[in-house]
Every structure is written in C-alpha cells, then in structure tokens.
Amino acid sequence: MRLGLTVTKKQKLFIDAAATEVLFGGAAGGGKSYGQMVDALLFALKYPKSKQLILRRTFSELDKSLIRTAQELYPREIFTFNSSSHVGRFKNGSCIDFGYCAAEGDVYQYQSAEYDVIRFDELTHFTEMQYVYLISRVRGVNGYPKQIKSSTNPGGVGHTWVKARFVDPAPRGTVFSGGDGMSRIFIPSLLDDNAFLVRDDPDYRRRLEALPERERRALLLGDWNIFEGQYFDEWREDVHTVDPFEIPEGWRRYRTLDYGLDRLAVLWIAIAPDGTSYVYREFCQSNLAISRAAEEILKRTPKGEDIYATLAPPDMWSRSQETGKTKASLFSEFGVNFTKTSNDRECGWLAVKELLAARSGPPRLKVFKTCRELIKCLPALRIDKVRPTDCATEPHEITHAPDALRGFAIFHTRPRTEEEAGRRCLWTPDMWEDYRAADEAGKKYLKKKYGEPL
Ligand SMILES: Nc1ncnc2c1ncn2[C@@H]1O[C@H](COP(=O)(O)OP(=O)(O)O)[C@@H](O)[C@H]1O
Ligand SMILES: [Mg+2]
C-alpha cells in the first residue's frame, strides 16, 4: 500500500534516529508532532503486533492535535480508532495507545504496561519524574527496537531537565551516551525546515515574530537559552557555535584560564585573519593541584601548537602566606608561563558582549561545538541582583569557563597603551639563564619568544 506521505529532511532524521532516547525539539511549526505521527505509523506497519504509547500532558491537547492528525493521516482501510479507550488499532495487530498524564501521579496507570516505543509530544510539559517512570515501561521480548521518542518546543515546566538531558551534553544531531547505558540524540527543527507550513501559512512566521521576546525566541528560533535574568541574552547557539575545523597555521593562539582547586577551566582560542576569535578547545576539571593542572594543560596542547600567550587573572600573582610563592610562579615551574590579564569584571563582561554582538555582520566570537562546558555555562549566567552590570557568582560551578573567556576578552579587545603592547609574562629561572647567556641579538629574540619579563 502506498501511503503517499512526504516528510521533511528533519522528520526523516527523526524517523531514522537509532538512539534509545530521541528528542525532536525546536521552533513551533517545525513539523515535530506530524513527524511523530508519521513515525508511529511507519513503526506500526513495519512491526506487526507492536505496541506504542503516545502522550500529551492533557487530554484536550491530545484530542486536538495527535488524535486528530492520526485520524486524518492514517488510512481507514488499516486503522481504526476507539474513542472511548483511546486506542488505535491496525490491521496487522499493531496498536497505539493515546494517553495523557495531567497529574504527576497519573503515570502509575501504566504500571503493568509494556511498550516497544513511547512517544512524548511536548516533552517539556512533563516532569522528569513522569518521564523517568514511563520510560521504564519500554520493554518486551519480541525483538523489536525499543525507543523513547519525544518532540517539544523549548519552555514549559520541564524546560530545565529536558535541556540538561538532551540539549547540553553534545552537539546537536550527534548520538551520545547518557551514562546509564542509554544513547541519546537531540535533533533540532526550525520553522524553515518545514516547507509545508511556510508554503501553506506564510503569515505564521509574522505571528511568531509579534510574540514577546522570550516566547519569540523559544517558539520562533527554537532557542533553549531563555530565562528571566539571563546575562548574555545575545547568545544564539546557531550563530555562536561552529563545527570544529583544523585551525590554519599562522593564526595567533591563546590559552586563557581560570584556576582554583574547585575547578580549572582552560580555553584555547585562535584568532582568524578577519578578527574572529575561535574557542577551539576547552578543558575543565575539578580538584587539580597546580602540578596536575599544568600537566593537563601541556598534555592538551599538541606539540607544534604555538601558543602566543597563556592568560591568567591577577590573583594568580598574589603571594601565598605559607610559601611566599605565587601560583603563577608555581605554574611556571611546571612549564606553563602566564601573561597577566585584567580582573575588571564589568569591563571584562562588556568585552565578552562586544565579541558576541552581531550588529552589522557576524559576531567576533565563535565556539567549536565540542566545547560543551562553555556552551552550557555562558548562556546560563544570570544578572547579579545587586549590580546588574555584573554576572551573578551563583551557581558558582557555571562561572569558571565564562571567567576564563572574560580574561581573554578584556585582554584581546581593550586598547593597549604602548607599554602594555609588549607582551609580558613571568620568566622561569631557566629562561633568565638563557637570557643572560645570550648575545644582544639572542636577547632580543628571547624577549620576542618568551614575552617581556614581568
Ligand atoms: N511532512 C509534512 N507533510 C505535510 N504537512 C506537514 C508535514 N510536516 C508538517 N506539516 C504541517 O505543518 C504544520 C506544523 O506541523 P506540526 O507537526 O504541528 O509542527 P510542530 O509540532 O513542530 O509545532 C501542520 O499543519 C502540519 O500538518
Ligand atoms: Mg506540535
């Protein structure tokens, strides 16, 4: 039998996705619910006697959207829908339960159920408890693929847990391990991915444009970084992140870091000839003593990668009461020489904003999609309640990678005085020895190589 259906490219990705947990998420009108219904139909036909559950949070939403779509889309010769039990049956013995869980505890009605596939439409309307409970109902011995496939807009009560589970951990469209034996994937879908709606309702975009800012960003752009009090509201994942590429020879490279025993955050940044700064690598880890931190930084900088300067905030130069040494000198003993950057928070954050701004053309900062911590933390920073020009320092764990970026931004963008223009850094005893032993030309060369001594 020919179904005569056409799907969008993104719907095809959703239908073909092999991860255990799949999220189809993005703009309103991206074709997510429709994609679910086509996928459910194909699964039912491919696997006779298969069982699927498809859920919305409330009955009226279920009735108006999914049930209606199924009745319109599914051929009557093979599909019948029982409107009192909300079960759809196929001629080949497959069935789809249409369910809803208005109250959190409504999930227990599925206690003894078993499904091949469970589908959540508008996943962010559900709580994490509901999701985690229900996915345990995916089981059975028939050998059919077992999957949980969800679709959603950003926003809603479940926004935060859905973002953390699917959106933050990996670049979009890549399968990753959830750490619990489950593989996951997030497939975004924008309005432009759905030519059907763009064609049939050209005014739809204009209606979304007219929404208040946060709803507009969620529903029109499928933007997951939306909350009241966001500091970097200019951050757009599609604009500010890029697929990794080989950094060409000759681009100036920096390392910039924020170090504390609670967490080390290091970013590697390269500057393109057009002035765009690319964050091309990150390393973030907790509980590293200075020797280990230095070792990790060096280990992660391949031989032949010429780092122009390693930027660190001024507190690295304060002397320890016990040893009389500075952290900067300790790092230097372990082979990592710092260049001092500024810790003026306000100017630093403004410098980051400048780099992110895309007023007349592309922004000047881009982040490789592999730098997950920076991509997660930067848009999560909140405006400080007391000093609205500053970022809140809570939650503390999200501040480290942005702090490292801030050090770079202020160093890179502020106008230098002539004296500052020469790069300065702390020299190790070895470097001084080389210097003293060198002739005039050699001294000049070493200063250029190491930077001016502090
Ligand atoms: N493959 C398709 N073929 C025809 N119409 C489609 C297709 N995908 C989506 N549509 C139509 O586009 C509109 C939006 O799709 P929908 O699935 O409701 O979007 P979302 O759930 O992402 O908001 C609906 O009217 C739907 O019928
Ligand atoms: Mg929908």
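Since this is a predicted model, take the numbers as computed values, not measurements.

Novice: Provide a residue-level description of the overall build of the protein chain, including the pertinent values.
Specialist: For the protein chain, the count of helices and strands is 17 helices and 18 strands. Overall, the protein chain is about 90 × 45 × 45 Å in size when its C-alpha atoms are taken along their principal axes. Residue burial in the protein chain is summarised as follows: out of 454 residues, 39% are buried. For the protein chain, long-range pairs separated by at least 24 residues make up 71% of all intrachain contacts whose partners lie at least 6 apart in sequence.

Novice: Which residues make up the site of ligand 1, and what are the values?
Specialist: By nearness alone, 14 residues border ligand 1, and G31, K32, S33, Y34 and F196 come closest of all. In terms of residue count, helix α2 (residues 32–46) provides more of the shell around ligand 1 than any other element does, 3 residues in total. For the shell around ligand 1, the class distribution of residues is 5 nonpolar, 8 polar and 1 charged.

Novice: Go over the environment of S85, please, and point to the residues and values.
Specialist: Considering the arrangement of structural elements, one finds S85 in the loop between β3 (79–82) and β4 (87–90). Classification of S85 by C-beta neighbours within 10 Å gives exposed; the count is 10.

Novice: Got a sec to walk through the sheet that holds strand β11 (residues 252–259)? Specific residues and values, please.
Specialist: With respect to topology, 7 strands assemble into an open sheet ordered β10-β16-β13-β12-β11-β14-β15, the strand pairing being mixed. If you trace the sheet from one side to the other, it starts and ends with β10 (241–242) and β15 (338–340), each paired once. Where β10 and strand β16 (residues 365–368) come together, 2 bridges link them in parallel fashion. Residue pairing across strands places T241 opposite V367, the latter belonging to β16.

Novice: Please provide a residue-by-residue account of the domain arrangement of the protein chain, values included.
Specialist: When its domains are assigned, the protein chain resolves into domain 1 (9–221) and domain 2 (252–315 + 337–414). In this assembly, 4 residues from domain 1 lie in contact with 4 residues from domain 2. Looking at the side of domain 1 that touches domain 2 residue by residue, the class counts come to 3 nonpolar, no polar and 1 charged.

Novice: Any chance you could break down the packing of helix α12 (residues 345–356) against helix α14 (residues 400–413) for me, citing the residues and the numbers?
Specialist: Where α12 meets α14, the axes come as close as 8 Å, and the angle between the chain directions of the two elements is 80°. Classified by the interaxial angle, the pair formed by α12 and α14 is roughly perpendicular. Within the contact between the two elements, α12 uses C347, G348, W349, A351, V352, E354 and L355 and α14 uses L405, R406, G407, A409, I410 and T413. In terms of residue class, the contact of α12 with α14 is built from 8 nonpolar, 3 polar and 2 charged.

Novice: Give a description of unusual backbone geometry that names residues and reports values.
Specialist: For the bond from E394 to P395, the omega torsion is -10°, close enough to zero to count as cis. Note that P395 resides in the loop between α13 (372–377) and α14. Residue K49 is not a glycine yet carries a positive backbone phi of 60°. One can find K49 in the loop between α2 and β2 (51–56). Among the residues examined, K49 registers 13 C-beta atoms within 10 Å and is labelled partly exposed. Here N287, not a glycine, exhibits a phi torsion of approximately 60°, which is positive. Looking at where N287 falls in the secondary structure, it is placed in the loop between β13 (277–285) and α10 (290–299).

Novice: Got a sec to walk through the sheet that holds strand β1 (residues 21–26)? Specific residues and values, please.
Specialist: The strands making up a sheet associate through hydrogen bonds between their backbones, and the pairing can be parallel or antiparallel. Taken in spatial order, the 9 strands make up an open sheet running β3-β4-β5-β2-β6-β7-β1-β9-β8, and their pairing is mixed. Every other strand in the sheet has two partners, leaving β3 and β8 (176–177) as the edge strands with one partner each. Examined bridge by bridge, β4 and strand β5 (residues 95–100) share 3 bridges and lie antiparallel to one another. Looking at β5, one finds that G88 is bridged to I96.

Novice: Explain the environment of R364 residue by residue, including any values.
Specialist: In this structure, R364 sits in the loop between α12 and β16. In the structure, R364 is positioned 11 residues away from K353 in sequence and 9.9 Å away in space, judged by C-alpha atoms. Excluding anything up to four places from it in sequence, R364 contacts G275, T276, S277 and L355.

Novice: Provide a residue-level description of the pairing of β4, including the pertinent values.
Specialist: With 4 bridges joining them, β3 and β4 adopt antiparallel strand pairing. Bridge assignment links F79 to a residue of β4, and that residue is F90. Taking the residues between adjacent antiparallel strands as the criterion, β3 and β4 are bridged by 4 residues, where H86 takes a positive phi near 60°. Counted along the chain from β4 to the antiparallel partner β5, the turn is 4 residues long, and its residue G93 has a positive phi close to 95°.

About the cut-offs
Residues numbered from 1 in each chain as written. Chains lettered and ligands numbered in written order. Predicted model: local features only at pLDDT ≥ 70, side-chain atom pairs only at ≥ 80, totals over all residues. Helix = DSSP H or I, 4+ residues; strand = E, 2+ residues; numbered from the N terminus. Buried ≥ 20, exposed ≤ 12 C-beta atoms within 10 Å, placed from the backbone. Contact = placed C-beta atoms within 7 Å. Near = placed C-beta within 6 Å. Nonpolar A, V, L, I, M, F, W, Y, C, P; charged D, E, K, R; others polar. Pairing = 2+ DSSP bridges. Domains from an automatic or database assignment. Axes fitted to C-alpha atoms, helices over the stretch in contact; angles between N-to-C directions. Parallel < 35°, antiparallel > 145°, perpendicular 65-115°, else oblique.

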